[in-house]
Amino acid sequence: MSAQLVQFLLTGLTVGAIYALVALGFAIIFNASHVINFAQGEFVMIGGMAAAGCVEAGLPLPLAALVAVAGAMLVGLALEKLAVEPARGAPVVTLIIITIGASILLRGLATLVWDKKIHSVPAFSGEAPLKLGGATLLPQTLWVLGATVLTVALLWWFFNRTLTGKAILAVSHNRLAAQLMGISVRRVLLVSFGLSAALGALAGVLIAPISFTSWDVGVMLGLKGFAAAILGGMGSGPGAIIGGLALGLIEALGAGYLSSAYKDVFAFVIILAALIFLPDGLAGRRRSTERV
Amino acid sequence: MASPAAAAPPSASRKGLVALAAAVALLPLALPNNYTYEVAIVVGLNAIVCVGLNLLIGYAGQISLGHAGFFGLGAYGTAILAARYGWPTPASLAASVAAVALLAWAIGRPILRLKGHALAMATLGMGIIVSVVIATEDGYTGGPDGMSVPPLGFAGFVLAGERAWYWVVAGLLVATVWLAQNLIDSPRGRAWRALHGSEVAASAIGIDPARHKLSAFVLSAALAAFAGALTAHYSGFITPAKASFLHSIELVTMVVFGGMASSMGAVVGAAVLTTLPQLLTVFKEFEMVMLGAVLMLTMIFMPQGLVPTLGRALAAARGRPR
């Protein structure tokens with residue numbers, strides 16, 4: 001493998017891991033409520049901006065990251081409690097417009113709480129690049145990949161080994177049956193929004209040292225996360241991860257070998273082709289029950 | 001798209017059309033200066049897009065998150081033909097709209113087989129591809145900086161000035177709503193509503209889903225392209241922002257905000273969400289927060305949208321069951 005190819009693959013995997021985290025957030029909320037949460041990208045923005053703000057205020061980096069993720073989680077819980085829950089029973093498309101309103105609101109709040117400038121978060125363990133087969137590897141890349149793997153493992157444990165996680169799965173399988181078993185659908189929705197927000201914010205904190213952050217980064221990252229979730233098959237957990245990594249790799253290879261201006265076009269052409277030929281996503285077969 | 005497409009009876013829609021015609025005829029009395037005329041014209045152009053989009057979303061029950069792509073293509077098509085190739089503007093406008101309709105037909109055939117969020121993604125992807133191409137092919141489009149567009153005119157006559165444009169756009173809007181309502185009350189409109197209710201049931205009674213979805217898609221795309229082309233000629237300048245994802249979202253938001261499956265809803269949604277940001281500029285840095293809050297609160301408390309909710313409240317106040 002040429003050094004150049006290794007470089008593109010590394011870039012693709014890094015970005016892809018971030019897309020995967022955002023896509024997981026989409027999948028969790030979609031499973032619990034059938035809502036496509038257009039404010040998902042804003043959680044990524046809040047994560048990055050809050051971490052940058054805390055670091056600028058003098059907090060040590062690990063604490064700043066923790067505050068950012070916890071803060072975004074609170075925003076996610078508030079979004080569910082104040083906006084989605086009061087509108088329960090509304091058509092799904094209305095709920096989607098509510099999340100669009102929330103994303104505008106959150107972007108506006110971000111310009112008030114912080115500003116319209118571009119911010120950065122220091123890399124977690126230095127900027128000195130490592131060498132890997134002729135390609136350079138930023139230490140932050142390892143953080144992104146490591147944290148993503150760890151998060152996916154934790155999510156697996158959460159959904160398969162804890163009662164709350166199983167309750168969420170039960171609701172996404174069959175809401176009414178879950179309710180009859182005594183599962184509180186309200187609480188499941190609340191937990192799903194909190195969890196998705198935390199995932200988004202984590203992605204935001206991880207990517208901020210590489211790609212910077214500002215009040216409007218959420219639009220594009222949210223869009224890519226949505227695309228990744230659909231590419232993998234909406235509502236599927238493994239699908240979201242595969243979709244995210246695939247999208248990241250397509251973009252990196254397309255930008256590297258073909259044209260950087262058209263990297264989004266390659267990504268979406270492939271998504272269109274995938275939708276037309278594999279309408280259930282890369283994760284495969286159509287399932288009556290969907291899992292995270 | 002869960003809500004049933006409960007359409008108003010023909011008599012009610014005719015009343016709506018008369019009310020709209022009266023409103024646009026009387027509105028100039030309340031427009032003090034060129035700036036307010038300008039806002040009214042933009043409202044009218046957006047409303048034309050939304051009435052078309054509402055046929056697709058509100059009646060046929062198919063989502064599109066890419067209509068700004070058609071809007072942008074219509075605008076850039078006529079701009080490029082007129083400015084770079086010297087076509088007379090009526091010809092460039094017509095050619096541009098026809099080309100977009102053809103494109104929508106070609107794209108719609110494969111992607112309208114998709115449902116729900118997959119269709120949302122496919123239309124969104126198509127919109128993004130269009131906007132990236134427009135922003136990148138700067139030899140034709142001027143790239144991210146945009147390009148200037150010749151005014152609309154033919155054989156010495158040029159459509160210019162806010163007042164002239166107002167009457168043209170107002171007339172076109174009333175004509176579009178009239179067309180839309182006639183379609184809704186026609187067999188084709190009933191087929192759309194049947195598809196919205198249940199695709200399986202509709203095909204069981206002999207409605208071809210593919211054909212009818214496609215007709216709603218192509219018509220809405222052509223109307224978006226038409227309004228886009230007019231916007232380009234009216235403002236004399238066009239940037240890729242008009243073809244962007246955010247503009248697509250804005251258009252869908254207008255339709256849902258005003259009320260799906262209601263042509264008046266689409267017009268009101270376009271009017272409110274076009275003027276609101278102008279009014280909110282007095283809040284300066286709070287503008288975005290206010291816009292988001294208004295949008296959320298309206299949808300939380302009026303989940304069916306502005307016009308259907310208010311219409312029902314009005315009917316209830318008169319003590320007449322609907």
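The structure displayed is predicted, hence computed values, not measured ones.

Draft legend 1. Representation of the overall build of chain B within the structure. Along chain B, the regular secondary structure elements total 14 helices and four strands. In terms of overall dimensions, chain B has a C-alpha envelope of 55 × 45 × 40 Å along the principal axes. Taking the intrachain contacts of chain B between residues at least 6 apart in sequence as the baseline, contacts between residues at least 24 apart amount to 78%.

Draft legend 2. Expanded view of the overall build of chain A. Within chain A one finds 11 helices and two strands. Each helix and strand of chain A, placed in order from N terminus to C terminus, yields the pattern α-α-α-α-β-β-α-α-α-α-α-α-α. The C-alpha atoms of chain A give 19 Å as radius of gyration, which agrees with the globular expectation for 292 residues (19 Å, within 12%). For chain A, the residues scored as buried account for 54% of the 292 residues in total. A fraction of 77% describes how many contacts in chain A between residues 6 or more apart in sequence connect residues 24 or more apart.

Draft legend 3. Just the nonpolar core, in detail. Of all hydrophobic cores here, the largest spans 213 residues; its most connected members are Ala51, Ala72 and Ala201 of chain A together with Ala222 and Ala225 of chain B. Every residue in contact with alanine 222 of chain B, bar those within four places of it in the chain, is listed here: Val97, Val100, Ala101 and Ala104 of chain B.

Draft legend 4. Examining unusual backbone geometry more closely. Phi at phenylalanine 212 of chain A takes a positive value of approximately 65 degrees, unusual for a residue other than glycine. Among the secondary structure elements, phenylalanine 212 of chain A is positioned in the loop between helix H8 (185-211) and helix H9 (217-232). Accessibility expressed as a C-beta count within 10 Å gives 14 for phenylalanine 212 of chain A, which makes it partly exposed. Phi at alanine 261 of chain B is positive, roughly 60 degrees, even though this residue is not glycine. Since 27 C-beta atoms lie within 10 Å of it, alanine 261 of chain B is described here as buried.

Draft legend 5. The arrangement of the interface of chain B and chain A in detail. Every contact between the two is made by 34 residues of chain B and, on the other side, 37 residues of chain A. Every element with two or more residues in the side of chain B that touches chain A is listed here: helix H4 (89-111), helix H5 (116-136), helix H11 (245-258) and helix H13 (287-301) of chain B. At 11 residues, the largest contribution of residues to the side of chain B that touches chain A is made by H5 of chain B. Looking at side-chain class alone, the side of chain B that touches chain A contains 27 nonpolar, six polar and one charged residues.

Draft legend 6. Region of the structure containing helix H1 (residues 3-33) of chain A. The end-to-end C-alpha distance of H1 of chain A, which contains 31 residues, comes to 45 Å, matching closely the 45 Å that a straight helix rising 1.5 Å per residue would cover. Of the residues one or two after H1 of chain A, histidine 34 of chain A is the one with positive phi, at around 60 degrees.

Draft legend 7. Examining the packing of helix H12 (residues 263-280) of chain B against H13 of chain B more closely. Residue and element names in this part refer to chain B. It is at 9 Å that the axes of H12 and H13 come closest, and there the two elements cross at 145 degrees. Viewed along their axes, H12 and H13 form a crossing whose handedness is right-handed. In contact with Leu276, Pro277 and Leu280 of H12, H13 contributes Glu287, Met290, Leu291 and Val294. Classifying every residue of the contact of H12 with H13 by side-chain character gives six nonpolar, no polar and one charged.

Draft legend 8. The arrangement of the environment of proline 62 of chain A in detail. Residue and element names in this part refer to chain A. In this structure, proline 62 sits in helix H3 (residues 61-84). Look at proline 62 and you get exposed, because 9 C-beta atoms sit within 10 Å. Sequence spacing of proline 62 and glycine 133 is 71 residues, and the spatial spacing of their C-alpha atoms is 31 Å.

Draft legend 9. Seen up close, the confidence of the model for chain A. Summary statistics for chain A give a mean pLDDT of 89 and a share of 95% for residues scoring 70 or more. Low pLDDT, under 50, characterises residues 287-292 of chain A; the stretch is placed with 14 contacts to residues that sit more than four places away or in other chains.

Draft legend 10. Region of the structure containing the packing of helix H2 (residues 34-59) of chain B against H12 of chain B. Residue and element names in this part refer to chain B. As a packed pair, H2 and H12 sit with axes 8 Å apart at the nearest point and diverge in direction by 140 degrees. Here H2 is positioned oblique relative to H12, judged by the angle of their axes. Relative to H12, the crossing made by H2 is right-handed. In this structure, H2 uses Val39, Val42, Val43, Asn46, Ala47, Cys50, Val51 and Asn54 to contact H12, whose residues at the interface are Ser263, Ala266, Val267, Gly269, Ala270, Ala271, Thr274, Thr275 and Gln278. Broken down by class, the residue content of the contact of H2 with H12 amounts to 10 nonpolar, seven polar and no charged.

Draft legend 11. Structural context of the confidence of the model for chain B. Residue and element names in this part refer to chain B. In this model, chain B carries an average pLDDT of 89, and 95% of its residues clear a pLDDT of 70 or more. Long-range and interchain partners of residues 1-5, a stretch whose pLDDT sits below 50, account for 16 contacts in this model, where long-range means more than four residues apart. On the interface metric, ipTM, the complex scores 0.85, and its pTM is 0.87.

Draft legend 12. Main features of helix H8 (residues 187-197) of chain B. Of all the 11 residues making up H8 of chain B, eight are buried; the element is thus mostly covered by neighbouring parts of the structure. What H8 of chain B keeps buried is the set Arg188, Gly189, Ala191, Trp192, Arg193, Ala194, Leu195 and His196 of chain B.

Draft legend 13. Region of interest: the environment of glycine 197 of chain B. Tracing the backbone shows glycine 197 of chain B in helix H8. Along the primary structure glycine 197 of chain B and glycine 61 of chain B are separated by 136 residues, whereas in three dimensions their C-alpha atoms are 8.1 Å apart.

Reading guide: rules and limits
Residues numbered from 1 in each chain as written. Chains lettered and ligands numbered in written order. Predicted model: local features only at pLDDT ≥ 70, side-chain atom pairs only at ≥ 80, totals over all residues. Helix = DSSP H or I, 4+ residues; strand = E, 2+ residues; numbered from the N terminus. Contact = placed C-beta atoms within 7 Å. Rg over C-alpha atoms; globule rule 2.2 N^0.38 Å. Buried ≥ 20, exposed ≤ 12 C-beta atoms within 10 Å, placed from the backbone. Core = buried A, V, L, I, M, F, W, Y, C linked by C-beta atoms within 7 Å. Nonpolar A, V, L, I, M, F, W, Y, C, P; charged D, E, K, R; others polar. Expected span 1.5 Å × (residues − 1). Axes fitted to C-alpha atoms, helices over the stretch in contact; angles between N-to-C directions. Left-handed = near helix turned anticlockwise from the far one by under 90°. pLDDT = per-residue confidence, 0-100. Parallel < 35°, antiparallel > 145°, perpendicular 65-115°, else oblique.

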